[in-house]
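Summary of structural features
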Amino acid sequence: MEKKISHSQDYDPALLEKMLFKVSKKWIAGHSNIEAINEARKSNKCGMSAILNYLGEGYTEKVQVDRSVLEYFTVLDLLRTNDIRGSISVKPTQIGLCIGYDLCLENFGKISQKAKESGHFMWIDIENSDYVEDTLSIYLRILGNNKNTGVAIQSYLRRSYSDLLHLMENSANLRIVKGAYRGEKNEAYQSNSETSQNFSRLMNVMLKESSYSGIVAIATHDSNLIDEALALSTKGSTKNLQFQLLKGVRDELKQQLVNNGYMVSEYMPYGEKWLHYSLRRLKERKRNIFLLARSLIES
Ligand SMILES: Cc1cc2nc3c(=O)[nH]c(=O)nc-3n(C[C@H](O)[C@H](O)[C@H](O)COP(=O)(O)OP(=O)(O)OC[C@H]3O[C@@H](n4cnc5c(N)ncnc54)[C@H](O)[C@@H]3O)c2cc1C
């Protein structure tokens, strides 16, 4: 008898999504803000702070933007009422930058005011190079009213060195990242080694400025860069140094840093738009694909 061949249309999309979600739970804090708060509590128990990010970006519809602003209001309330040590991290294009500068500024103003009232810090994620100029300009305007805010800066961009010097003049709170995007040669470093070198350069400028009052957040999983930050931190006054890593990545290292007395935060995205984010994490590392394959086999 002829053996039945399974065709690609035979798979059940709902089942596939369920299995993908099972793997993705490593990197995301769940579908809802309640699940995210529970994950944040676990992070606190391990001595870390949580950075909550509601997934979503590139919104061109006002209704999506308004919903995101409301969600951050809710999550700030939940952080307060549950007594969680944590902050939020917001993408500019999630709250209006694709629609207009003024709308985005107004929304960041509202969210940072709410964060101020509830006693929490607000980070601004930085996106692709088209949005960098406006994001930094918005951040500097927000910072004037609320010191408990910070912005990410990407070492893959050539412009970041001069941006950093300007931001430092304003005592900005900065999170240094390599950058999750790519750009043309004239604006962006093309290789990981150049991007890492520039990360080191940015980090050195900040950590060697012993009187610097802003936060210096080193947000990488790269051991060489983390070791360099640790070495620099013993030399200068780095009371504002902190490490930020993604949920589900390098957990042992996080614990070592905590045990050695460093401030560590876990960045944890949550929400219905988890699939895109998870695919990015899967692409980042071959081992993560094996993890997915294993989960598919075991299901
Ligand atoms: C807290 C935080 C906030 C961020 N915010 C932004 C932002 O606002 N804007 C932006 O553009 N980007 C942001 N990023 C993403 C960042 O730019 C990089 O894309 C991402 O962190 C990977 O780069 P890396 O520095 O870890 O270096 P990589 O060179 O990618 O990795 C270095 C080493 O880390 C380990 N590693 C990396 N990824 C994994 C993994 N998934 N699992 C296990 N080990 C791994 C491996 O040993 C790898 O060799 C953020 C990252 C973090 C941690």
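Definitions and cut-offs
- What you see as residue numbers is a count from 1 along each chain, following the sequence as written.
- In keeping with the predicted nature of the model, local features appear solely for residues at pLDDT of at least 70, side-chain atom pairs appear and are counted solely at 80 or more, and the whole-chain, interface and lining totals rest on all residues.
- Labels follow the DSSP assignment, with helices taken as runs of H or I lasting at least four residues and strands as runs of E lasting at least two, numbered in each case from the N terminus.
- Neighbour counting defines burial: a residue surrounded by 20 or more other C-beta atoms within 10 Å of its own C-beta is buried, one with 12 or fewer is exposed, and intermediate counts give partly exposed, using backbone-placed C-beta atoms.
- Whether two strands pair comes down to DSSP finding at least two bridges between them.
- What counts as an axis is a line fitted to C-alpha atoms, over the stretch in contact for a helix, and the angles between N-to-C directions run from 0 to 180 degrees.
- Contacts here follow a simple rule: the backbone-placed C-beta atoms of the two residues must lie within 7 Å.
- An angle counts as roughly parallel when it lies under 35 degrees, as roughly antiparallel when it exceeds 145, as roughly perpendicular when it falls between 65 and 115, and as oblique in every other case.
- Handedness of a crossing follows from how the near helix is turned relative to the far one, being left-handed for an anticlockwise turn of less than a right angle and right-handed for a clockwise one.
- Residues are grouped as follows: Ala, Val, Leu, Ile, Met, Phe, Trp, Tyr, Cys and Pro are nonpolar; Asp, Glu, Lys and Arg are charged; all remaining types, including Gly, are polar.
- A helix's residues, less one, multiplied by 1.5 Å, set its expected span.
- What the arc covers is the set of directions going from the helix axis to the C-beta atoms.
- For this entry, the nonpolar core is defined as buried Ala, Val, Leu, Ile, Met, Phe, Trp, Tyr and Cys residues connected by C-beta atoms within 7 Å.
- Here a crossover is taken to be right-handed if, once the strands point away from the viewer, the path from the first strand over the helix to the second is traced clockwise.
- Each residue receives a C-beta atom built from its backbone; the residue is near a molecule or strand if that atom lies within 6 Å of it.
- The predictor attaches a confidence to each residue, called pLDDT, with possible values from 0 through 100.

1. Observations concerning the overall build of the protein chain
Helices and strands together make up the secondary structure of the protein chain, namely 11 helices and 8 strands. Scored against the burial criterion, the 299 residues of the protein chain give a buried share of 40%.

2. A few points about the sheet that holds strand β2 (residues 86–90)
Taken together, 8 strands build a closed barrel; the order of strands is β1-β2-β3-β4-β5-β6-β7-β8 and the barrel is parallel. Sheet twist, expressed as the mean angle between neighbouring strand axes with direction ignored, is 30°. Taken together, the 3 bridges between strand β5 (residues 173–177) and strand β6 (residues 216–218) define a ladder with parallel strand orientation. Bridging from a neighbouring strand, Arg 175 pairs with Ala 217 of β6. On top of the sheet, helix α5 (residues 132–145) reaches β3 (121–124) and β4 (149–154); it is set at about 155° to β4, its chief contact.

3. Observations regarding the packing of helix α4 (residues 101–118) against α5
Between α4 and α5, the shortest axis-to-axis distance is 10 Å and the interhelical angle comes to 40°. The pairing of α4 with α5 is recorded here as oblique in orientation. At the point where α4 passes α5, the crossing takes the right-handed sense. Across the interface between the two elements, Tyr 101, Cys 104, Leu 105, Phe 108, Gly 109 and Ser 112 from α4 touch Asp 134, Ile 138, Arg 141 and Ile 142 from α5. Here the residues of the contact of α4 with α5 are counted per class, giving 6 nonpolar, 2 polar and 2 charged.

4. Thoughts on the packing of helix α6 (residues 160–169) against helix α7 (residues 192–208)
Relative orientation of the contacting elements α6 and α7 amounts to 15°, with a least axis distance of 10 Å. The pairing of α6 with α7 is recorded here as roughly parallel in orientation. Note on packing geometry: the crossing formed by α6 with α7 is right-handed. Facing α6, whose interface residues are Ser 160, Tyr 161, Leu 164 and Met 168, α7 presents Asn 198, Arg 201, Leu 202, Val 205 and Met 206.

5. Description of α5
Given a rise of 1.5 Å per residue, 14 residues ought to cover 20 Å, and the 21 Å separating the end C-alpha atoms of α5 matches this to within 8%. Those residues of α5 that sit buried are Val 132, Thr 135, Leu 136, Ile 138, Tyr 139, Ile 142 and Leu 143. Looking straight down α5, one finds that the buried residues subtend no more than 160° of arc, so they occupy a single side. Away from its buried face by more than 90 degrees, α5 exposes Glu 133, Ser 137, Arg 141, Gly 144 and Asn 145. Taken together, the buried residues of α5 touch α4, β3, β4 and α6.

6. Remarks on the nonpolar core
Counting 76 residues, the largest nonpolar core has Leu 52, Ile 88, Val 151, Leu 174, Ile 176 and Met 268 as the members making the most contacts within it. It is α5 that provides the largest number of residues to this core, a total of 6 residues. Look past the residues within four positions of Ile 88 in its chain and what remains in contact with it is Leu 52, Tyr 72, Val 75, Leu 76, Ala 115, His 120, Met 122 and Trp 123.

7. Brief notes about the pairing of β3
Both faces of β3 are covered, namely the face carrying Phe 121 and Trp 123 and the face carrying Met 122 and Ile 124. Pairing geometry for β2 and β3, over 4 bridges, is parallel. Bridge assignment links Val 90 to a residue of β3, and that residue is Ile 124. In this fold, β2 hands off to α4, which returns the chain to β3; that crossover is right-handed. A crossover connection joins β3 to the parallel β4 through α5; in handedness this β-α-β unit is right-handed.

8. Section: the site of the ligand
Residues in contact with the ligand amount to 24 residues; listed here are only the nearest, Asp 125, Ala 152, Thr 220, His 221 and Tyr 267. For the shell around the ligand, the secondary-structure elements that each account for two or more residues are β4, β7 (241–246) and α10 (274–284). Broken down by element, the shell around the ligand gets its largest block of residues, 3 residues, from β7. A per-class count over the shell around the ligand returns 10 nonpolar, 7 polar and 7 charged.

9. Comments concerning the confidence of the model for the protein chain
Here the protein chain shows a mean pLDDT of 90. Residues at 70 or above account for 88%. Within the model, the stretch residues 1–7 combines pLDDT values under 50 with 0 contacts to residues more than four positions away or in other chains.

10. Quick word on the pairing of β7
Here β7 lies mainly inside the structure; 5 of its 6 residues are buried. The sheet contact formed by β6 and β7 spans 3 bridges and is parallel. Looking at β7, one finds that Ile 218 is bridged to Phe 243. In this structure, β7 lies alongside strand β8 (residues 263–270), joined through 5 bridges in parallel fashion.

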